[in-house]
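Chain residues, written in single-letter form:
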Amino acid sequence: MVEKFQSNFVFGLQGNLYQEFIDRVAKPIIQQIIGTDDYEIVPQTYHLSFKDFDKKSRVNSIFPEFYYNFLGDIVKKNNQVSFKTKVCISFDERLCNDVCPNTNRKIATIKIADVKLAYFIFFDVKDFFDFVYDNEIIEIQKENQHIETENIQTNQKAKIVQPKFEMTLHNQDDIVKIGYIHNLNHERRFSFIQINKDDNDGFPIFYQDFPEFEEFPIGTVVKATGKIHADRFYVKDYEIGETEDLDFQLMKLKGTLKCQYDKKFATIRTKIGTVFVPSYLIQDYEIDEIYDVECLAIENYDYKKDQDGWKAISISDINE
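Residues numbered from 1 in each chain as written. Predicted model: local features only at pLDDT ≥ 70, side-chain atom pairs only at ≥ 80, totals over all residues. Heavy atoms only, no water.

## What to know about the overall build of the chain
Helix and strand content of the chain: 4 helices and 17 strands. Within the chain, residue pairs in contact and separated by at least 24 positions form 60% of the contacts whose partners lie at least 6 positions apart. Entry remark: accessible area of the chain is about 19,000 Å², with carbon and sulfur atoms responsible for 48%. (Helix = DSSP H or I, 4+ residues; strand = E, 2+ residues; numbered from the N terminus. Contact = heavy atoms within 4.5 Å. Areas by Shrake-Rupley, 256 points an atom, 1.4 Å probe, with all protein chains shown as cover.)

Structure follows, in structure tokens:
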């Protein structure tokens, strides 16, 4: 059955490993760009291009489809406006004419009153094929661990592909990356390891590879050993490190938290200064209330102020 796209200027991808590509490659990148895992990926059949907003290119207005698929869930309750951020995985580089400062990936945004309602994030089709080819090679390599030497001649596929995998990965020296657990994604079963202070580099560790990782809390320092292939870091092993192993500061701080009027962010006043708190950590806190809290804060680069600052990666109430 042929899928019906609402735009004549958009195409999509399908494949047995497409959803795994979304889970293992795309979603960690999306989370770095938008700063939260609370979002909705818009199906490709509902995507738009810049041509759809050109009156000469379409007979009918795009607005009804745009409203239904991107703005239809905006609600106002108790003087608070809420919505689910939309994300489109786009293969149209011309549509994504901005650059995310955290990841250097090309993006475009739909904003109303300076609030970002939707993101178009550019992925090259080559990203998908790199993942598919790498995944096939890795699975073959795992299978070959159980094949006896005398049986290799009957496994032509393994015999041909295995040397390629060894040449691209096994012949490399191991690389060590040191970072901390920045966030946990239990739904998609990985922890994201951030390795610097300006939010633009890191890698996931999947629970299917290391089941015990699901129990490690945010802030845990990790020394991961692995290899890089197709610009991705594959973790072979790890050990738990100390905060002194990081190239930046990570510490627990106590202070007072206050949400801003629109709950886009909050600040915590501490003995070493103000700590920025992103919106996804403050949903259970009321506006204009003062809370005594403890936070785990990371030294963080503030692009707007062009200086180092502090950002909370977890917070908890202090019980009196």
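## With respect to the pattern of salt bridges
The tally for this structure, following the rule as stated, stands at 11 salt bridges. Across the pair R24 and D209 runs a salt bridge whose closest N-O atoms are separated by 3.7 Å. Of this pair, R24 sits in helix α1 (residues 18–34) while D209 is found in the loop between β10 (202–206) and β11 (221–229), placing the two residues 185 residues apart along the sequence. Judged by relative accessible area, which is 36%, D209 ranks as partly exposed. Between K236 and D174 there is a salt bridge whose closest N-O contact spans 3.2 Å. Highlighted residues: K236 in strand β12 (residues 232–240) and D174 in the loop between α4 (156–170) and β8 (175–185), separated in sequence by 62 residues. (Salt bridge = Lys/Arg side-chain N within 4 Å of Asp/Glu carboxyl O. Buried < 20%, exposed > 50% of the residue type's maximum accessible area, 1.4 Å probe, protein only.)

## Describing a negative patch on the surface
Residues D284, E286, D288, E289, D292 and D317 make up a contiguous surface patch of negative charge. Position of D284 relative to the elements: it lies in the loop between β15 (273–278) and β16 (290–302). (Patch = residues over 30% accessible without salt bridge, like charges linked within 9 Å, V, L, I, M, F, W, Y side chains within 5 Å. Lys, Arg positive; Asp, Glu negative; His and termini not counted. Charge placed at Lys NZ, Arg CZ, Asp CG, Glu CD.)

## What to know about the pairing of strand β14 (residues 265–270)
Side-chain alternation along β14 places A266, I268 and T270 on a buried face and F265, T267 and R269 on a face that remains uncovered. Taken together, the 5 bridges between strand β13 (residues 250–259) and β14 define a ladder with antiparallel strand orientation. Across the sheet, residue C259 finds its bridge partner in β14, namely A266. As defined by bridge partners, β14 adjoins β15 across 6 bridges and the pair is classed as antiparallel. Paired with R269 across the bridge in β15 is T274. (Pairing = 2+ DSSP bridges.)

## Focus: the sheet that holds β11
With respect to topology, 5 strands assemble into an open sheet ordered β10-β9-β8-β11-β12, the strand pairing being antiparallel. Only two strands of the sheet have a single partner each, and these edge strands are β10 and β12. Taken over all neighbouring pairs, the strand axes of this sheet differ in orientation by 45° on average, direction set aside. (Axes fitted to C-alpha atoms, helices over the stretch in contact; angles between N-to-C directions.)

## Things to note about α1
Largest kink in α1: about 45°, centred on A26, with the proline P28 one to four residues after it. By the criterion of burial, α1 is predominantly enclosed, with 13 of the 17 residues buried. At the C-terminal side of α1, G35 shows a positive phi close to 80°. (Bend = angle between axes of the 7 residues up to and from the residue.)

## As for the confidence of the model for the chain
Here the chain averages 77 in pLDDT, while 76% of its residues score no lower than 70. When mean pLDDT is taken per element in the chain, strand β4 (residues 85–90) scores highest with 90 and α4 scores lowest with 39. When the criterion is pLDDT under 50, residues 136–170 qualifies, and its contacts beyond four places in sequence or with other chains add up to 27 contacts. (pLDDT = per-residue confidence, 0-100.)

## Looking at the packing of aromatic side chains
Inspection of every chain in the model, using the stated rule, returns 13 aromatic pairs. Ring geometry for F210 and Y238: centres 5.3 Å apart, planes at 90°, overall edge-to-face. Taken together, the positions of F210 in the loop between β10 and β11 and Y238 in strand β12 put the pair 28 residues apart, joining distant regions of the chain. The burial state of F210 is the same as that of Y238; both residues are buried. A connected cluster of aromatic rings, assembled from ring pairs, spans Y18, F21, F123 and F128. Cation over ring: R105 sits above F123, and NZ or CZ is 4.4 Å from the ring centre. Its end group placed over the ring of F233, K177 keeps NZ or CZ at 5.4 Å from the ring centre. (Phe/Tyr/Trp six-rings, centres within 6.5 Å; stacked < 30°, edge-to-face > 60°. Lys NZ or Arg CZ within 6 Å of the ring centre and 35° of its normal.)

## Overview of the nonpolar core
The tendency in soluble globular proteins is for nonpolar side chains to be buried side by side. Counting residues in each nonpolar core, the largest one holds 22 residues, and the members touching the most others are F21, I30, I33, I121 and F123. Elements that contribute at least two residues to this core include exactly α1, β4, β7 (115–122) and α3 (125–144). The element contributing the most residues to this core is α1, with 9 residues. Discounting residues that sit within four places of it in the chain, I33 has contacts with C100, N102, T103, R105, I107, Y119 and I121. L281, Y285, C295 and W310 belong to the second-largest nonpolar core, a separate cluster that totals 16 residues. (Core = buried A, V, L, I, M, F, W, Y, C linked by side-chain atoms within 4.5 Å.)

## Let's talk about the side chain of T220
Within the fold, T220 resides in the loop between β10 and β11. The class for T220 is buried, based on a relative accessible area of 13%. Reaching out from T220, the side chain makes a polar contact with the backbone oxygen of P217 at a distance of 2.7 Å. (Polar contact = N/O pair within 3.5 Å; in protein donor to acceptor, adjacent residues only side chain to side chain.)

## Quick notes on the pairing of β7
Within β7, 6 of the 8 residues are buried, which leaves it mostly tucked inside the rest of the structure. The pairing of β4 with β7 spans 5 bridges and is classified as parallel. Its bridge partner lying in β7, K86 is registered against A118. Pairing between strand β6 (residues 106–112) and β7: 6 bridges, direction antiparallel. Among the inter-strand pairings, T109 is bridged to a residue of β7, identified as Y119. Where β6 folds back on β7, the antiparallel hairpin that results is connected by 2 residues, among which A113 adopts a positive phi of roughly 55°.

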